[in-house]
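# Structural characterization, general
Listed here are the chains, written in short residue letters.
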Amino acid sequence: MLNDNENTYLAKWLNDDLSPEELDELKKLPEYDDYKKIVNGLEFFNPPSFDLQGSLKTTVANLDQPKKGKVIRLRPILYAISVAASIVLIIGFFFNKVTYSANPGAQLAVVLPDGSSVDLNAASTLSHQRFFWSTNRKVTLEGEAFFKVTSGTNFIVATKLGNIEVLGTQFNVKGRKDEFGVQCYEGKVRVSSLENQKKILEKGDAVSLKGSALVATKITDPTPLWMRGESLFTSVSLGKVLDEIERQYNITFTRDAIDQNQLFTGGFNYKDLKIALESVLVPMEIEYVVNGKIVKLSPR
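The paragraphs below set out a description of the structure included in this document. All of these numbers come straight from a predicted model, not from anything done at the bench.

## Concerning the sheet that holds strand E15 (residues 252-254)
Strand order across the open sheet formed by three strands is E15-E18-E17, with mixed pairing between neighbours. With partners counted over all chains shown, the strands left at the sheet margins are E15 and strand E17 (286-291), one partner each. Within this sheet the neighbouring strands show an average axis-to-axis angle of 25 degrees, counted without direction. Direction of pairing for E15 relative to strand E18 (residues 294-299): parallel, over a ladder of three bridges. Within E18, the position partnered with Phe253 by the bridge is Val295. Across the sheet, helix H6 (residues 238-249) touches E15, E17 and E18, and the angle it forms with E15 is around 140 degrees. Sitting on the sheet, helix H7 (residues 273-281) touches E15, E17 and E18, and the angle it makes with E17 is about 160 degrees.

## What about the pattern of salt bridges?
Following the criterion strictly, the structure yields eleven salt bridges and no others. The partner of Glu165 in a salt bridge is Arg190, and the shortest N-O contact between them spans 3.2 Å. Of the two residues, Glu165 sits in strand E7 (residues 162-166) while Arg190 sits in strand E10 (residues 188-193), which places them 25 residues apart along the sequence. A relative accessible area of 25% places Glu165 in the partly exposed class. The salt bridge involving Asp243 is made with Arg255; its shortest N-O contact spans 2.9 Å. Taken together, the positions of Asp243 in helix H6 and Arg255 in the loop between E15 and strand E16 (263-269) put the pair twelve residues apart, joining distant regions of the chain. Here the residues in one salt-bridge network are Asp243, Glu246 and Arg255, joined through shared partners.

What counts and what doesn't
- Residues numbered from 1 in each chain as written.
- Predicted model: local features only at pLDDT ≥ 70, side-chain atom pairs only at ≥ 80, totals over all residues.
- Heavy atoms only, no water.
- Pairing = 2+ DSSP bridges.
- Helix = DSSP H or I, 4+ residues; strand = E, 2+ residues; numbered from the N terminus.
- Axes fitted to C-alpha atoms, helices over the stretch in contact; angles between N-to-C directions.
- Contact = heavy atoms within 4.5 Å.
- Salt bridge = Lys/Arg side-chain N within 4 Å of Asp/Glu carboxyl O.
- Buried < 20%, exposed > 50% of the residue type's maximum accessible area, 1.4 Å probe, protein only.

Okay, here's the thing in structure tokens:
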């Protein structure tokens, strides 16, 4: 936590009022590089317009009113206000997040500050803190993504159902609603569930959440199928298969009339909606009618 002296230096820095000696003291702080990034970025910050001088005059007038039995020293109070405003501004920048989103029917390639790359599957979101990345390589994922992580400090992927920790590797993560799975394509990862179950995965290993248990499996493909424009399912509820079609084609199913709990084994591609619908719905004996972005389903 910043002490009073550091708070004062930061406030004076933002006001361009630091002496050379004070600037030297500030540069000795371990957080100086991050502070410098923030201050440099302020030149691009456009605050909301308001009558600063008028507000200041009103504040000064109120503070400077003589009161019986008290002597108000105005300058320390105003400087304290300046310090507080500076710290609020800095804290706001520190906790600012960077967010990347792949829309339904699209994928997105992202390069993180350390050079790690992330490919986001459709309808997926990735976020991380804007600052202190070198000492806190942590991202939050909602959806599915393939990671290529550069070596360095521990890299953590947080999802609603579990976390993944790596040092430098390639792996795929799915964290959607009640789905959680990790496939390791290179290196080694540590997977932790919310129930505190842990598994170490090496190249070719995979794990998925079944109920509250992490179940280990194997992979043989060199890259995730979704990156090649395909989805494949083995004994998966039809509802989850329809969810994936919605994400990949940006459509909406009207499905109340069908049994979404029946299990489906098979797959579909991302290139042709008609072929994808027939690949899934015909073997399940389900009729469909396409009306723009709405697909109405009914039993045959």
